[in-house]
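So you can see what is in the structure, the chains are spelled out below.
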Amino acid sequence: MLGWIDDRLGAASWARTGLRKIFPDHWSFLLGEVALFCLVVLVLTGVFLTLFYVPDATAITYNGSFAPLQGQQVSAAFDSVMRLSFEVKAGLVMRQIHHWAALVFVAAIVVHLLRIFFTGAFRRPREINWLIGIGLLLLALAMGLTGYSLPDDLLSGTGLRIVYSVVLSIPFIGPYLAFLVFGGEFPTAQIISRLFVFHVMLLPALLLGGVGIHLAVLWIQKHSQYPGPGRTEHNVVGKPFWPSQVLKSTGLMILTAAVLSLMGGLIQINPVWTYGPFIPTTVSAPAQPDWYVGWLDGALRLFPPIEVTLLGITIPSPFIPGVLLPGIAFTVMTLWPFIEARLMHEGTREHNLLDRPRDNPLRTGIGVAALLVFVMLTLAAGNDVVALVFNVPVETMTNMMRIAVFVVPAVGFGVAWRICEELRRGELHPLGRDPGVMLRRTPEGGFEEVEPPD
Ligand code: HEM
């Protein structure tokens, strides 16, 4: 059979090259693959769920097996999720695996992104994969948001109302955009079916296409590697694609699916029957979104209720924390490879050898500070829960977090910078031969003489 294919496609030559392609061997290079395999699990469990889910907001009377809700008016969408949870065989475990896979998927992308950032793997020639990657992250967030809203339960409905208000707050175009997307004033009959089309067709197509291009670029550019014996900017030291990389990745895929299935089988997630159907006039606290949009919710909770008037135009308060700040954050993140290249006067130099975080204290400090801003904002999304736990008024907790969101990242920057400097200094060993002469261990494992620091 292979001969038949080779006769017609000349496959042997490029297959031989491909199968022999060398991949560097390091655990941190598996993070992107974990994201990839979560995506595989999401698609498989998602297909199962679409067989039973009804994307319809029409109100019907629930008469399924969950007694506390029997006789209640719910949407057909919520009803179908209840049936998936209580009546469809394997329905609940599939729902749970799908939800856990979504949470782990975005976490794997973020950790992958952090690996790329702190080792400088975004530098020339890999800026293109960084840009594609940011696109993939945004698509993953949109997938999460649209998927999370499909059950039409009280918690996700509340989340959707917040999204509607943030869209509405955009100056000039807000009301038009909100009506265009939601189909009128929230809640609308159309929104569930529109979210469904986005969640099962448009966004997955873009995501799968984007991942395909991402991996193709990786294949063309070859993978970067950490400095070490025999490794240079012009080679790759590692193992061949076949059999090592393929077997390792297959093992990782099975492990990822196994862990997600275990989580789906053992740990309850998104029990919509405890929230009940979305009824616009009711909302309950505490109401927290999934972790990957926590920072947005936190920003909305911390931002003071001020309305800025510019050139006679009043800018509603959700706009700055809900649109402007995230917009600035993602723009800086997207352009970072070019900002750093400019700051470091990189010119056209290529980087196939990675940095250790200590090698670039400025980048590491900025990365740690940015990460801490996200962490603090995500914590702020639980300001009411934290206030409850520590028995302090929620206003006090909110004000403390308003200060912490600035102080903690600033301290984080200083500490990270300091640690980098110490780690770099720690590589210096006085020889006693000439106190002025110091030795430094090189990444290649050798030693070189360097000037002692001032
Ligand atoms: C659905 C989301 C994503 C998937 C499935 C994915 C998958 C992968 C895989 C499998 C690799 C090779 C192994 C590795 O280095 O981990 C990789 C490399 C890479 N990814 Fe991603 N990725 C995703 C998102 C991102 C994001 C958000 C960024 C950055 C913003 C990014 C930037 C890169 C870069 C620059 C490389 C080359 C790394 C190198 O050569 O060292 N990726 N990606």
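Residues numbered from 1 in each chain as written. Predicted model: local features only at pLDDT ≥ 70, side-chain atom pairs only at ≥ 80, totals over all residues. Heavy atoms only, no water.

A surface patch of nonpolar side chains, amounting to about 960 Å² of accessible area, comprises Leu131, Leu324, Leu325, Ile328, Val332, Leu335, Phe338, Ile339, Leu343, Met344, Leu362 and Trp417. In terms of residues, the nonpolar patch owes the most to one element, helix α13 (residues 319–343), which gives eight residues. With respect to the helices and strands, the residue Leu324 is situated in helix α13. Relative accessible area serves as the criterion here: at 37%, Leu324 is assigned to the partly exposed category. (Patch = residues over 30% accessible without salt bridge, like charges linked within 9 Å, V, L, I, M, F, W, Y side chains within 5 Å. Areas by Shrake-Rupley, 256 points an atom, 1.4 Å probe, with all protein chains shown as cover. Salt bridge = Lys/Arg side-chain N within 4 Å of Asp/Glu carboxyl O. Helix = DSSP H or I, 4+ residues; strand = E, 2+ residues; numbered from the N terminus. Buried < 20%, exposed > 50% of the residue type's maximum accessible area, 1.4 Å probe, protein only.)

We now examine unusual backbone geometry. Cis rather than trans, the peptide bond between Phe186 and Pro187 has omega equal to -5°. Structurally, Pro187 is set in the loop between α8 (174–182) and α9 (191–221). Across the junction of Trp242 and Pro243, the peptide omega takes the value 5°, indicating a cis bond. Residue Ala90 is not a glycine yet carries a positive backbone phi of 65°. Among the structural elements, Ala90 can be located in the loop between α4 (76–86) and α5 (91–118).

What follows deals with the layout of surface pockets. Over the atoms rolls a probe the size of a water molecule, and its path tells where empty space is left. Taken as a whole, the largest pocket spans an internal volume of roughly 1500 Å³. If you go around the largest pocket, you meet 47 residues; those closest to its centre are Leu145, Val163, Val166, Val167 and Leu296. Breaking the lining of the largest pocket down by element, the ones donating at least two residues are α6 (127–149), α7 (154–168), α8, α9, α12 (294–302) and α13. Tallied by class, the residues present in the lining of the largest pocket amount to 33 nonpolar, ten polar and four charged. Space inside the second largest pocket adds up to approximately 1100 Å³. (1 Å grid on protein atoms, 1.4 Å probe; cavity = no way out; pocket = protein on both sides within 12 Å on 5 of 7 lines; lining within 4 Å. Points joined across faces, edges and corners; volume = space filled by probe spheres on them. Nonpolar A, V, L, I, M, F, W, Y, C, P; charged D, E, K, R; others polar.)

Once that is clear, we can look at empty space enclosed by the protein. Counted according to the given criterion, the structure contains one cavity of 30 Å³ or more. In this model, the largest cavity occupies a volume close to 40 Å³. In terms of lining residues, the largest cavity is bounded by Pro24, Asp25, His26, Phe29, Gln225, Tyr226, Arg231 and Val237. Classifying every residue of the lining of the largest cavity by side-chain character gives four nonpolar, two polar and two charged.

Attention now moves to the coordination of the iron atom of the ligand. Around the iron atom of the ligand, the protein contributes the donor atoms His112 (NE2) and His214 (NE2), which lie 2.0 to 2.1 Å from the metal centre. What the six donor atoms of the iron atom of the ligand show is an angle range of 87 to 180° at the metal, which sorts the shape as octahedral. Note that His112 is positioned in helix α5 and His214 in helix α9, a separation of 102 residues in sequence. (Donors = N, O, S within 2.8 Å, 3.2 Å for Na, K, Ca; no water. Tetrahedral: all angles 85-135°; square planar, octahedral: opposite > 155°, others 65-115°.)

A few words now on the domain arrangement of the protein chain. Interface size is often expressed as the accessible area that is lost when the parts come together. When its domains are assigned, the protein chain resolves into domain 1 (21–292 + 312–355) and domain 2 (359–454). Each of domain 1 and domain 2 was reduced to a C-alpha centroid, and the two centroids are 28 Å apart. Each side of the interface is counted separately: domain 1 has 21 residues, and domain 2 has 16 residues. Between domain 1 and domain 2, a total of about 1400 Å² is buried, with carbon and sulfur atoms accounting for 66% of that surface. (Domains from an automatic or database assignment. Contact = heavy atoms within 4.5 Å. Buried area = accessible area lost by both parts, 1.4 Å probe.)

Before going further, it helps to examine the nonpolar core. Within soluble globular proteins, side chains that are nonpolar tend to cluster in buried spots. If you look at the biggest cluster of nonpolar residues, it comprises 55 residues, and the most contacted ones within it are Phe105, Trp130, Leu137, Leu207, Leu260 and Phe330. Considering every element that reaches this core, the biggest residue donor is α5, with 13 residues. Counting residues domain by domain, this core receives three or more from each of domain 1 (21–292 + 312–355) and domain 2 (359–454). Among residues more than four places away in sequence, those in contact with Leu137 are Ile109, Val110, Leu113, Phe330 and Met333. Counting residues in each nonpolar core, the second largest holds 24 residues, with Met82, Leu160, Tyr164 and Val272 among its members. (Core = buried A, V, L, I, M, F, W, Y, C linked by side-chain atoms within 4.5 Å.)

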